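# Notes for the structure review
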Amino acid sequence: MFPRRAKGLLDFCMAVLCLWTAYHHTPAGALVRKGAAWAFGSRSTARPLLAYYDGVSGTTLAVPVATPEVSLLHPLTGAEALAWGTHLALKGLDARGREPALALATELGIPAARLLDPVEGPVAARRLHAALTGDFPQDEARVAALFAGRVPARYALERVAAEGGSVTLEALARQLPPGFEAASTGAAQALALSTAFGLAWPVAEGTRVTSPFGVRDHPVLGSRRMHTGVDLAVPTGTSVAAVADGIVRRASEDAVNGRVLVLEHGRGVTTAYCHNSELLVAVGEKVSRGQSIARSGNTGRSTGPHLHYQLELAARPVDPMKFRPSVHAVSRDAVR
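Residues numbered from 1 in each chain as written. Predicted model: local features only at pLDDT ≥ 70, side-chain atom pairs only at ≥ 80, totals over all residues. Heavy atoms only, no water.

Broken down by element type, the chain carries nine helices and twelve strands. By the burial criterion, 44% of the 336 residues in the chain qualify as buried. Excluding contacts between residues fewer than 6 apart, the proportion of contacts in the chain whose partners are at least 24 apart in sequence is 63%. Summed over its atoms, the accessible surface of the chain is roughly 16,300 Å², and 57% of this surface lies on carbon and sulfur atoms. (Helix = DSSP H or I, 4+ residues; strand = E, 2+ residues; numbered from the N terminus. Buried < 20%, exposed > 50% of the residue type's maximum accessible area, 1.4 Å probe, protein only. Contact = heavy atoms within 4.5 Å. Areas by Shrake-Rupley, 256 points an atom, 1.4 Å probe, with all protein chains shown as cover.)

At their nearest, the axes of helix H3 (residues 78-92) and helix H5 (residues 121-132) sit 8 Å apart, and the two run at 110° to each other. With respect to each other, H3 and H5 are oriented roughly perpendicular. By crossing handedness, the relation of H3 to H5 is classed as right-handed. Contacts from Ala 79, Glu 80, Leu 82, Ala 83, Trp 84, Thr 86 and His 87 in H3 reach Gly 121, Pro 122, Ala 125, Arg 126 and His 129 in H5. (Axes fitted to C-alpha atoms, helices over the stretch in contact; angles between N-to-C directions. Parallel < 35°, antiparallel > 145°, perpendicular 65-115°, else oblique. Left-handed = near helix turned anticlockwise from the far one by under 90°.)

With that out of the way, let us pick up the confidence of the model for the chain. Per-residue pLDDT for the chain has a mean of 82; in total, 75% of the residues score no lower than 70. Contacts from residues 43-63, a stretch scored under 50 in pLDDT, to residues over four places away or in other chains number 56 contacts. In the predicted structure, residues 328-336 sits below a pLDDT of 50 and forms 30 contacts with residues beyond four places in sequence or in another chain. (pLDDT = per-residue confidence, 0-100.)

Evaluated as defined, the whole model comprises 14 salt bridges. A salt bridge links Glu 170 to Arg 174, with the nearest nitrogen and oxygen atoms 3.8 Å apart. Within this pair, Glu 170 and its partner Arg 174 are both found in helix H8 (residues 169-175), separated by four residues, close to a single helical turn. Accessibility expressed as a relative area gives 37% for Glu 170, which makes it partly exposed. In this structure Arg 174 comes out as partly exposed when scored by relative accessible area, which is 24%. (Salt bridge = Lys/Arg side-chain N within 4 Å of Asp/Glu carboxyl O.)

Among the nonpolar cores identified, the biggest contains 70 residues, and Phe 147, Tyr 273 and Ile 293 are the most heavily contacted of them. Setting aside anything within four residues of it in sequence, one finds Phe 147 in contact with Thr 86, Ala 89, Leu 90, Leu 93, Gly 97, Pro 100, Ala 183, Gly 186, Ala 187 and Ala 190. (Core = buried A, V, L, I, M, F, W, Y, C linked by side-chain atoms within 4.5 Å.)

Another aspect to go through is helix H4 (residues 95-107). An α-helical segment advances 3.6 residues per turn. Residues three or four places apart therefore align on the same side. Here H4 spans 18 Å end to end across 13 residues, near enough to the 18 Å set by a 1.5 Å rise per residue. Maximum bend of H4: about 30°, positioned at Ala 101. Every buried residue of H4 is listed here: Gly 97, Arg 98, Ala 101, Leu 104 and Ala 105. In this fold, the buried residues of H4 make contact with H3, H5, helix H6 (139-148) and helix H7 (150-162). A positive phi of about 80° marks Gly 109, the residue just after H4. (Expected span 1.5 Å × (residues − 1). Bend = angle between axes of the 7 residues up to and from the residue.)

Tracing the chain through its elements places Glu 140 in helix H6. Classification of Glu 140 by relative accessible area gives buried; the value is 18%. There is a polar contact of 3.0 Å between the side chain of Glu 140 and the side chain of Arg 267. When residues no more than four places from it in sequence are discounted, the contact partners of Glu 140 are Val 167, Thr 168, Leu 169, Leu 172, Leu 191 and Arg 267. (Polar contact = N/O pair within 3.5 Å; in protein donor to acceptor, adjacent residues only side chain to side chain.)

Let us look at the environment of Thr 185. Take Thr 185: it is sitting in helix H9 (residues 181-197). The exposure class of Thr 185 is buried, given its relative accessible area of 10%. The spatial distance from the C-alpha of Thr 185 to the C-alpha of Gly 97 is 9.4 Å, given a sequence separation of 88 residues.

What follows is about the environment of Ser 288. If you trace the backbone, Ser 288 turns up in the loop between strand S9 (286-287) and strand S10 (292-296). The sequence separation of Ser 288 and Ala 244 amounts to 44 residues, and the corresponding C-alpha distance is 6.3 Å. Apart from the residues within four sequence positions on either side, Ser 288 is in contact with Ala 242, Ala 244 and Asp 245.

Moving on to H3. Compared with the 21 Å implied by 1.5 Å per residue over 15 residues, the 21 Å span of H3 between its first and last C-alpha is a close match. Of all the residues in H3, the buried ones are Ala 81, Leu 82, Ala 83, Trp 84, Gly 85, Thr 86, His 87, Leu 88, Ala 89 and Leu 90. Here the buried face of H3 lies against H4, H5, H6 and H9.

Printed below as a string of structure tokens:
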């Protein structure tokens, strides 16, 4: 009898632990906590949905990150980058998630269909941002208004201001009523994509890309594998630069990546730099755009000197070449 009672108590404790874990550490729990906080007028510590997909690991998000369908002809200004990010984020949402932005476009005399057009979409999105700048001068507030609507965004902005907090997308998302989770996701993707468009390059412009992003025959393992970055042909000891301001989240060495750095740039954007011969920064250190952070090498699972550069948006690897002007050529003589 005692063992049965003990097993029942253990099962009960495990069930409570599972509920606690789901409540505090899953997207579903975050929605419940956020809804309860809104209903009772209190603050919620629930993270935005995209924060549950963390790490430079090749994790696939439930919501895909769209990439440009046409080649960029020149580096983008800040306003152009935000417009491109908005256009691509809208393309990644379903019809219901697009409704506020399309309605706003119609209200301002912009044909709604243009927002989704590969060529005219970024131009239409920039017109939308320009029309909203007077009421929502901060980028975060403006994308919230575009994806959630003016009234919910203004309500969230007033609540954040009343609490004396900074106008961040996370703070605004906490103040939006339940039912606007798609808006928060779309706004987060727009900001992440716009940040990606503004990144510099870790080595000299025009450096040969010897192995592009995508599925390839692995040079060591021999099987078909996903290559989650691009390989840049540089000799050992070449200076590797941070592509944007950020914080060092990883500075370590393993058998696959060799000496590797991972930088967090905010807005869900991280970059990784692998196979280095030397790391020049440490975990927790703040770095500036263009700062030398490592020296390239041939460490880890590598068949020749090069830099593996990886870009992730909300923990999903994306092709960094999609966010740059078309100036790089891919060599058939791959140095992987």
